[in-house]
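# Understanding the architecture of this molecule
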Amino acid sequence: MVRLRVLLVLAACLLLGLPSTARAQAADPGARREALFASYAAFKDALETASGDAAALDAFWQRLLDAHQVPFAHGDSVAFLYRGEAGRVVWNGDFNGWGGDTTFANAGARLDGTDLWILETAFPPDARLDYKIVLDDDAWILDPANPWQQWSGFGPNSELRMPAYVYPHETLPRPGLPRGTLGEAQRLDSGVLGYAVAYRVYTPAGYDTLANLPVLYVTDGHEYADERLGSLPVVLDNLVAGGLVAPVLAVFVDPREPERPENNRRRSEYADDYAAFAAFLADELVPAVDAAYRTDPSPEARGILGTSLGGLFAGYLGAARPGVFRRIAIQSPAFFYDAEHNQDRVYHAYAGQDRLPLRIFMSTGAIRDTEEGARRMRAVFEQKGYPLRYVEVNEGHSWGNWRALLDDLLVYLWNR
């Protein structure tokens, strides 16, 4: 039951957002921690020595800031740190379902006679996790001592990068490379859904000289297209320019109501009534895109990508419409939602029929993400003999996780 509560909190974070009290700072993605201590024990010894004198503590704190060592991390050990007056300081993030997992001791301890708070824990050496500091059970703030941040769909979070984490530089624009074009928003009035759906089309560099382009349809398209979140157009530019994938056209489908973007329909479209949204994509949007752009109209050249509830939908679409979509990209799939509301329809759709002509990429974080459901689905895919690339990373339910795997995903689906 604890696990289910954590996953439900995780889903609520994506659907409703978390409070934020500051704007994101520009963080150097190439910055590295400077090694200050030979061991975690040496750090603790130095902290204990410095805490006895205010000037010494200030100097010690400045050393940590200059070395990008807040939070302090060595090996698999972590010390979350905060300086300031408060009655209670806790850390919530990917690692405890943003407070939903009460088995994680998230309250900091104040060092006697100081304004320094510390929470000690451990994560895998290559982990990367989003978090916020909560003061007095009320104010959710970004870590003022940590310049590294990762945006969510609801604003920035502070980012813990463990010592062995490698920043995904393929998500950053590279000067001098030819870049594709992300077109303006278009609308398609859907007879199936009974309302208009907005979408944007990315065309690769040199589009006017190309033909028969494979097409990737992307749910939560407004976030996958955002350089602070998915950064998918940038990744496509870099991979195409590097010759790692063939030029790909991408259709970013926006689940928000065009006139009222605060009304996000992703839960109804991707999970509650995914048969209707599948019909919209396959029977209405795909023909419209194929008619307007230089696409390869074969199902082998057409893919679907989604994360969380969108990952659940991508899995469903492969089983329901293999005559239209045959390259399936699933990130952190919310199969737990399907189990709770739809009697595991996606699992049964694959387990209950012969292997379909699909090529599948699936990934999940392994720190309170969707690993349980993803592993269960992986077993079904493997038992059926599907071409599958499965990836687990030591991260949580975050755009930092998903954006860093887009190059793996695209190369697997469209290796040149």
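Before reading further, recall that the structure is shown in the block above.
These remarks concern the structure in this document. (Residues numbered from 1 in each chain as written. Predicted model: local features only at pLDDT ≥ 70, side-chain atom pairs only at ≥ 80, totals over all residues. Heavy atoms only, no water.)

### Some words on the sheet that holds strand β2 (residues 77-83)
For the record, the criterion: Two strands qualify as a pair provided that DSSP identifies no fewer than 2 bridges between them. Helix numbering and strand numbering both begin at the N terminus, where a helix is a DSSP run of H or I of at least 4 residues and a strand a DSSP run of E of at least 2. Pairs of residues are marked as contacts when any of their non-hydrogen atoms sit within 4.5 Å. Simply put, an axis is a line fit to the C-alpha atoms, just over the touching stretch for a helix, and the angle between two N-to-C directions goes from 0 to 180 degrees.
One open sheet accounts for four strands, arranged β1-β2-β5-β4; its pairing is antiparallel. The two strands at the open ends of the sheet, each matched to only one other strand, are β1 (72-74) and β4 (109-110). By the bridge criterion, three bridges tie β1 to β2 in an arrangement that is antiparallel. Paired with Phe72 across the two strands is Ala79, which belongs to β2. Taken strand by strand, helix α2 (residues 40-50) contacts β1, β2 and β5 (116-122), and its axis lies near 25° from that of β2.

### Observations concerning the side chain of Asp254
Inclusion rule: Polar contact criterion, stated in full: a pair of N or O atoms within 3.5 Å, where within protein one must be able to donate a hydrogen and the other to accept it, and residues adjacent in sequence count only if both atoms are side-chain atoms.
Structurally, Asp254 can be placed in strand β14 (residues 249-254). Of note is the side chain of Asp254, whose polar atom sits 2.8 Å from the side chain of Arg256.

### As for helix α11 (residues 371-384)
In plain terms, the rule: A helix is expected to span 1.5 Å multiplied by its residue count minus one. Here the term buried applies to any residue with accessible area under 20% of the maximum for its type, exposed to any over 50%, and partly exposed to those in between, with areas from a 1.4 Å probe on protein chains only.
In a regular helix each residue adds 1.5 Å, so 14 residues correspond to 20 Å; α11 covers 20 Å between its end C-alpha atoms and thus fits that length. Every buried residue of α11 is listed here: Glu371, Gly373, Ala374, Met377, Val380 and Phe381. Gly385 lies just past α11 and shows a positive phi near 85°.

### What to know about unusual backbone geometry
With an omega dihedral of -5°, the bond running from Val70 to Pro71 counts as a cis peptide bond. Summarising the element assignment, Pro71 is placed in the loop between α3 (54-66) and β1. Residue His68 is not a glycine yet carries a positive backbone phi of 55°. Along the chain, the position of His68 falls in the loop between α3 and β1. The class of His68 is partly exposed, set by a relative accessible area of 25%.

### Some remarks on the pattern of salt bridges
What counts is decided by this rule: For this analysis, a salt bridge means a side-chain nitrogen from Lys or Arg found within 4 Å of a carboxyl oxygen belonging to Asp or Glu.
Counted under the stated rule, the structure contains 25 salt bridges. Among the salt bridges present, the one from Arg228 reaches Asp226, with a minimum N-O distance of 2.9 Å. Among the charged side chains, a network of salt bridges with common partners joins Arg128, Asp130, Glu159, Arg161 and Glu395.

### What to know about the side chain of Thr219
Relative to the helices and strands, Thr219 resides in the loop between β13 (215-218) and α4 (221-224). The exposure class of Thr219 is buried, given its relative accessible area of 1%. Beyond its immediate stretch of four places on either side in the chain, Thr219 contacts Tyr224, Val253, Tyr270, Phe277, Ile304, Leu305, Gly306, Thr307, Gly310 and Phe313.

### With respect to the nonpolar core
Heads up, the rule is: For this analysis, a nonpolar core means a set of buried residues of the types Ala, Val, Leu, Ile, Met, Phe, Trp, Tyr and Cys, connected via side-chain atoms within 4.5 Å.
With 53 residues, the main nonpolar core has Val251, Leu281, Leu285, Phe313 and Phe325 as its most contacted residues. With ten residues, the top contributor of residues to this core is helix α7 (residues 274-292). Those residues within four positions of Phe313 in sequence are excluded, and the remaining contacts are Thr219, Glu269, Tyr270, Tyr274, Phe277, Ala278, Leu281 and Ile304. In this structure, Val248, Phe252, Phe361 and Leu410 belong to the second largest nonpolar core, which totals 29 residues.

### With respect to helix α8 (residues 309-320)
Between the first and last C-alpha of α8 there are 16 Å, a value that for twelve residues agrees with the 16 Å anticipated at 1.5 Å per step. Here α8 lies mainly inside the structure; eleven of its twelve residues are buried. Those residues of α8 lying buried are Leu309, Gly310, Gly311, Leu312, Phe313, Ala314, Gly315, Tyr316, Leu317, Gly318 and Ala319.

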